[in-house]
Amino acid sequence: MLTSPTRTRLVLAGELDISHNRELREAVRSVLALDLPVDVDMRNLTFMDSSALAAFSRLAYRSSARPRLIQPPDVVVFLLEVTAMGDVVEVLDHDPGFPGGPEAGDGTLSADDVPADEVPAHDVPEDDVATDAV
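Each value, and the rule that gives it
- Residues numbered from 1 in each chain as written.
- Predicted model: local features only at pLDDT ≥ 70, side-chain atom pairs only at ≥ 80, totals over all residues.
- Heavy atoms only, no water.
- Helix = DSSP H or I, 4+ residues; strand = E, 2+ residues; numbered from the N terminus.
- Buried < 20%, exposed > 50% of the residue type's maximum accessible area, 1.4 Å probe, protein only.
- Contact = heavy atoms within 4.5 Å.
- Areas by Shrake-Rupley, 256 points an atom, 1.4 Å probe, with all protein chains shown as cover.
- Pairing = 2+ DSSP bridges.
- Axes fitted to C-alpha atoms, helices over the stretch in contact; angles between N-to-C directions.
- Core = buried A, V, L, I, M, F, W, Y, C linked by side-chain atoms within 4.5 Å.
- Parallel < 35°, antiparallel > 145°, perpendicular 65-115°, else oblique.
- Nonpolar A, V, L, I, M, F, W, Y, C, P; charged D, E, K, R; others polar.
- Salt bridge = Lys/Arg side-chain N within 4 Å of Asp/Glu carboxyl O.

Asks: Before we go on, may I ask you to explain the overall build of the chain in this structure?
Replies: Counting secondary structure elements, the chain contains three helices and five strands. Each helix (α) and strand (β) of the chain, taken in turn from the N terminus, gives the series β-β-α-β-α-β-α-β. In the chain, which comprises 134 residues, the share counted as buried stands at 43%. A separation of at least 24 residues holds for 69% of the contacts in the chain among residues at least 6 apart in sequence. Element-wise, carbon and sulfur atoms account for 49% of the exposed surface of the chain, whose accessible area totals about 7000 Å².

Printed below as a string of structure tokens:
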């Protein structure tokens, strides 16, 4: 997870199924506790089952702002359509960037700059930008 004073980004990769349910629920709980608009980077997600969809449903209905899903794969788009979840999230076909990233000259940090498989899992630190992988 990446955080800034104005936005949160949850970065997902690989297969998201029931074996990751606890981690995903904890990540959603952390995101909701921050009470910031959230982007979910799904570019490197290859599979998602109904347990993950339930977690995103919780995120969508409890968030103060409509979550944005960044480049979800076709399987996720299909699930969103058949469950009408597409009405409560915004699907983006591009990465809008991330505010406050020190690497970018324009003040943004793209998820491309943070490979999901290299981000260590840990609690959200107290500094302005935190990383945590699901």
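Asks: Quick question: what am I supposed to make of the sheet that holds strand β5 (residues 90-92) here?
Replies: The strands that make up a sheet are held in pairs by hydrogen bonds between backbone atoms, and each pair lies either parallel or antiparallel. Sheet architecture is open: five strands sit in the order β1-β2-β3-β4-β5, paired in mixed fashion. Of all strands in the sheet, those with a lone pairing partner are β1 (2-3) and β5, marking the two edges. Bridge count for β1 against strand β2 (residues 8-16) is two bridges, and the pairing is antiparallel. Across the sheet, Thr3 pairs through a bridge with Thr8, a residue of β2. In the packing of helix α2 (residues 50-62) onto the sheet, the strands contacted are β2 and β3 (38-48), and the crossing angle to β3 comes to about 170°.

Asks: In this structure, what is going on with the nonpolar core? I would like to understand it.
Replies: Proteins that are soluble and globular tend to have nonpolar side chains buried together. Ranked by internal contacts, the top residues of the largest apolar core, which has 26 residues, are Leu12, Leu24, Val40, Met42, Met48, Phe56 and Met85. Looking at this core, the elements with two or more residues in it are β2, α1 (21-34), β3, α2 and α3 (74-83).

Asks: Sorry, what's going on with the packing of α1 against α2 here?
Replies: Helix packing for two helices is described by the angle between their axes and how far apart those axes are. Taken N-terminus to C-terminus, the directions of α1 and α2 make an angle of 10°; their axes are 10 Å apart at the nearest point. Classed by the angle they form, the pair α1 and α2 counts as roughly parallel. The segment α1 lies against α2, with Asn21, Leu24, Arg25, Val28, Val31 and Leu32 engaging Ser51, Ala52, Ala55, Phe56, Arg58, Leu59 and Arg62. Class assignment for the residues of the contact of α1 with α2 results in eight nonpolar, two polar and three charged.

Asks: Would you explain the pattern of salt bridges in this entry?
Replies: Side chains that carry opposite charge are capable of pairing whenever their charged atoms lie near each other. Summed over all chains, the structure comprises eight salt bridges. Notably, a salt bridge pairs Asp39 with Arg9, separated by 4.0 Å at the nearest N-O pair. With Asp39 in strand β3 and Arg9 in strand β2, this residue pair connects regions lying 30 residues apart in the sequence. Among the residues examined, Asp39 registers a relative accessible area of 0% and is labelled buried.

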